[in-house]
Amino acid sequence: MRFIGITGGVGAGKTEILKYIGQHYKCEIYLADDIGHKVKEPGTEGYQALVELLGRDILRADGQIDKPSMAAKIFADPALLEKVNQIIHPAVKKYLARAKGDVELFFVEAALLIENGFGEVVDEMWYIYAREEVRRKRLSVSRGYTPEKIDRIMSSQLSENEFRKHCDFVIDNSDSLENSYRQIRQKLEAYTWRE
């Protein structure tokens with residue numbers, strides 16, 4: 001079983017890469033953001049800890065955590081963000097450790113895998129790279145982001161050097177998707193799990 005983390009800056013094309021992998025390899029793919037929601041569901045340790053930390057007024061009538069209420073509390077007291085992260089990130093790691101099961105290729109994707117210490121959990125970390133001008137164009141065209149918004153997001157993320165320093169494999173996704181797919185095939189042909 002190979003547990004692979006997929007990370008990279010905004011606009012690098014992580015979603016497209018994972019879509020291809022999911023269609024061509026026997027694997028499981030988890031998005032850390034989705035798991036972040038699962039570990040906040042009623043009945044989980046994460047849910048209990050968040051309610052204790054933030055109070056019952058973050059709950060909707062049906063007992064689910066209300067994201068806007070939770071966000072408003074955290075925004076009003078920035079010190080809470082660190083405490084919330086100390087609840088959610090370990091819960092996500094625990095969830096992944098249980099979920100691995102008997103699948104041979106297991107991928108988890110998140111922009112903040114490195115910052116949140118997933119290097120200790122995964123067997124390999126893959127960096128999806130794209131040149132900055134390519135990422136800017138994608139974000140402007142596909143998401144309608146303004147140059148200011150793109151600047152703000154990019155400046156809050158790790159530098160290319162930091163990503164490369166922490167990752168075992170780099171996929172250059174600056175040009176055609178076929179070129180990126182070829183890089184994936186070359187990397188995974190050493191494994192036997194291709195369909």
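Below or above, wherever it landed, is the structure these notes cover. These figures come from a predicted structure and were not determined experimentally.

**Points about the packing of aromatic side chains**
And then number 1: Applying the stated criterion across every chain yields a total of eight aromatic pairs.
And then number 2: Ring geometry for Tyr 30 and Tyr 95: centres 6.2 Å apart, planes at 75 degrees, overall edge-to-face. A residue pair is termed long-range when its members are at least 10 positions apart, and Tyr 30 in strand β2 (residues 27-31) and Tyr 95 in helix α5 (residues 79-99) qualify at 65 residues.
And then number 3: Between Arg 164 and the ring centre of Tyr 129, over which it is positioned, the NZ or CZ distance is 4.9 Å.

**As for the nonpolar core**
And then number 1: Of all hydrophobic cores here, the largest spans 33 residues; its most connected members are Leu 50, Met 70, Leu 96 and Val 108.
And then number 2: Of all the elements in the fold, those that place two or more residues in this core are α2 (32-38), α3 (45-54), α4 (67-76), α5, β3 (105-109) and β4 (124-129).
And then number 3: When residues in this core are grouped by element, the largest group, seven residues, is from α5.
And then number 4: Ile 21, Ile 128, Val 134 and Leu 188 belong to the second largest nonpolar core, which has 20 residues in total.

**Describing the pattern of salt bridges**
A side chain with one charge may pair with a side chain of the opposite charge, provided their charged atoms come close.
And then number 1: Using the criterion set out here, one finds 13 salt bridges in the structure.
And then number 2: When the shortest N-O distance is used, the salt bridge between Glu 124 and Lys 187 registers 3.7 Å. Pair noted here: Glu 124 is in strand β4 and Lys 187 is in helix α9 (residues 177-188), with a separation of 63 residues, a long-range link.
And then number 3: For Glu 133, the salt bridge goes to Arg 131, with nearest N and O atoms at 3.2 Å.
And then number 4: A network of salt bridges, in which partner residues are shared, links Arg 2, Glu 124 and Lys 187.

Calculation rules
Residues numbered from 1 in each chain as written. Predicted model: local features only at pLDDT ≥ 70, side-chain atom pairs only at ≥ 80, totals over all residues. Heavy atoms only, no water. Phe/Tyr/Trp six-rings, centres within 6.5 Å; stacked < 30°, edge-to-face > 60°. Helix = DSSP H or I, 4+ residues; strand = E, 2+ residues; numbered from the N terminus. Lys NZ or Arg CZ within 6 Å of the ring centre and 35° of its normal. Core = buried A, V, L, I, M, F, W, Y, C linked by side-chain atoms within 4.5 Å. Buried < 20%, exposed > 50% of the residue type's maximum accessible area, 1.4 Å probe, protein only. Salt bridge = Lys/Arg side-chain N within 4 Å of Asp/Glu carboxyl O.

So far we have only geometry, and geometry alone does not tell us how the molecule works.
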